[in-house]
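One letter stands for each residue in the lines below.
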Amino acid sequence: LFSPAPYVRFQQYNYHHWEEAPPRLVQHRLLDGLHALEAAPVITARPTADARYRLETHLARFERLVDGGRYAALIELHVRLVRIDAPDAPLVVGDFRAEEPAADSTMEATAMAFGRAMDDVVAQLAAGLANRGPGAAQ
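On a predicted model such as this, the values are computed, not experimentally measured, just so you know. (Residues numbered from 1 in each chain as written. Predicted model: local features only at pLDDT ≥ 70, side-chain atom pairs only at ≥ 80, totals over all residues. Heavy atoms only, no water.)

### A few points about the overall build of the chain
Which entries qualify depends on this criterion: For helices the rule is a DSSP run of H or I covering at least 4 residues; for strands it is a run of E covering at least 2, with both sets numbered from the N terminus onward. By definition, residues are in contact when any of their heavy atoms lie within 4.5 Å. Only the protein chains shown count as covering a residue, and every accessible area follows the Shrake-Rupley method with a 1.4 Å probe.
Broken down by element type, the chain carries 2 helices and 3 strands. Tracing the chain from N to C terminus, the helices and strands come up as α-β-β-β-α. The long-range fraction of contacts in the chain, counting pairs at least 24 apart against all pairs at least 6 apart in sequence, stands at 54%. Counting every atom, the chain has about 9100 Å² of accessible surface; 53% of that belongs to carbon and sulfur.

Shown next, in the form of structure tokens:
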């Protein structure tokens, strides 16, 4: 659903599917980005018996912004990094947000903007983990 500015009436997009659901797209891009940045020795979406940390994420916003002739992609991810043996004492808690302009009004341009926005969120998250995560100076 979307609401073109400044209206509040919701409308349905003229497309009804993604290749994968947005949370799955974000998960793949997040894993790929953290692997590329070598954020940890092992990064997986599957629980493992020897895991010491768990990264919990919530996709808060995944929006195509339309305001007059301006188009953009907005992603906001809520994140918690916890030790498996101490889940009530998170090492990192944060909101990571990025907005990227789309080159034009096409969904293809918006999809490219979503990719850039997600890459920015991954970079912010990796910096946050490096500064406050496992092994960081307290």
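Still to come is the rest of the account.
### With respect to the pattern of salt bridges
We apply this condition: Should a side-chain nitrogen of Lys or Arg be within 4 Å of a carboxyl oxygen of Asp or Glu, the pair is scored as a salt bridge. Note on exposure labels: buried denotes an accessible area under 20% of the residue type's maximum, exposed denotes more than 50%, and partly exposed covers the range between, all computed with a 1.4 Å probe on protein chains only.
Scanning all chains against the criterion turns up 8 salt bridges. Across the salt bridge formed by Arg61 and Glu63, the nearest N and O atoms sit 2.8 Å from each other. For Arg61, a relative accessible area of 27% puts it in the partly exposed group. A relative accessible area of 28% means that Glu63 is categorised as partly exposed. The residue Arg70 makes a salt bridge to Glu99 at a minimum N-O spacing of 2.3 Å. A residue pair is termed long-range when its members are at least 10 positions apart, and Arg70 in strand β2 (residues 70-83) and Glu99 in strand β3 (residues 92-101) qualify at 29 residues. On the basis of relative accessible area, Arg70 is assigned to the partly exposed category, the value being 41%. For Glu99, a relative accessible area of 30% gives the class partly exposed.

### So, the packing of aromatic side chains
The line we're drawing: Stacked, tilted and edge-to-face pairs are distinguished by plane angle, under 30 degrees for stacked and over 60 for edge-to-face with tilted covering the rest, among Phe, Tyr and Trp rings (Trp via its six-membered ring) whose centres lie within 6.5 Å.
Evaluation of the coordinates by the stated rule reveals 1 aromatic pair. Look at Phe62 and Phe114: their rings are 4.1 Å apart centre to centre, the planes differ by 10°, and that puts the pair in the stacked class. Taken together, the residues span a long stretch of sequence, with Phe62 in strand β1 (residues 53-67) and Phe114 in helix α2 (residues 107-132) at a distance of 52 residues. The class for Phe114 is buried, based on a relative accessible area of 7%.

### Digging into the pairing of β1
How we decide: Strand pairing follows a simple DSSP-based rule, namely that at least 2 bridges must link the two strands.
Two elements, β1 and β2, share 14 bridges in a ladder whose sense is antiparallel. For Arg61, the partnering residue across the bridge sits in β2 and is Glu76. What sits between the antiparallel neighbours β1 and β2 is a turn of 2 residues, in which Gly68 has the positive phi angle 65°.

### Focus on helix α1 (residues 22-36)
Just so we agree on the cut-off: By this rule, a helix spans an expected 1.5 Å times one less than how many residues it contains. In this description, one arc is meant: the one made by directions from the helix axis to the C-beta atoms.
For α1, built from 15 residues, the straight-helix expectation of 21 Å at 1.5 Å per residue is met to within 8% by its first-to-last C-alpha distance of 21 Å. The complete set of buried residues in α1 reads Val26, Leu30, Leu31, Gly33 and Leu34. The buried side chains of α1 occupy one side of the element, clustering within an arc of 165° when seen end-on. Opposite its buried face, α1 presents the exposed residues Asp32 and Ala36, each directed more than 90 degrees away. One or two steps after α1, the chain reaches Glu38, where phi turns positive at roughly 50°.

### Quick word on the nonpolar core
The following threshold applies: The set of buried Ala, Val, Leu, Ile, Met, Phe, Trp, Tyr and Cys residues whose side-chain atoms join them within 4.5 Å is what this entry labels a nonpolar core.
Counting residues in each nonpolar core, the largest one holds 24 residues, and the members touching the most others are Leu30, Ile75, Leu77, Met118, Val121 and Leu125. Contributions of two or more residues to this core are made by α1, β2, β3 and α2. Among the elements that make up this core, the one with the highest residue count is α2 (9 residues).

### Side note on the side chain of Thr110
Relative to the helices and strands, Thr110 resides in helix α2. Once you skip the residues sitting within four places of it in the chain, Thr110 turns out to touch Arg64, Ala73 and Ala102.

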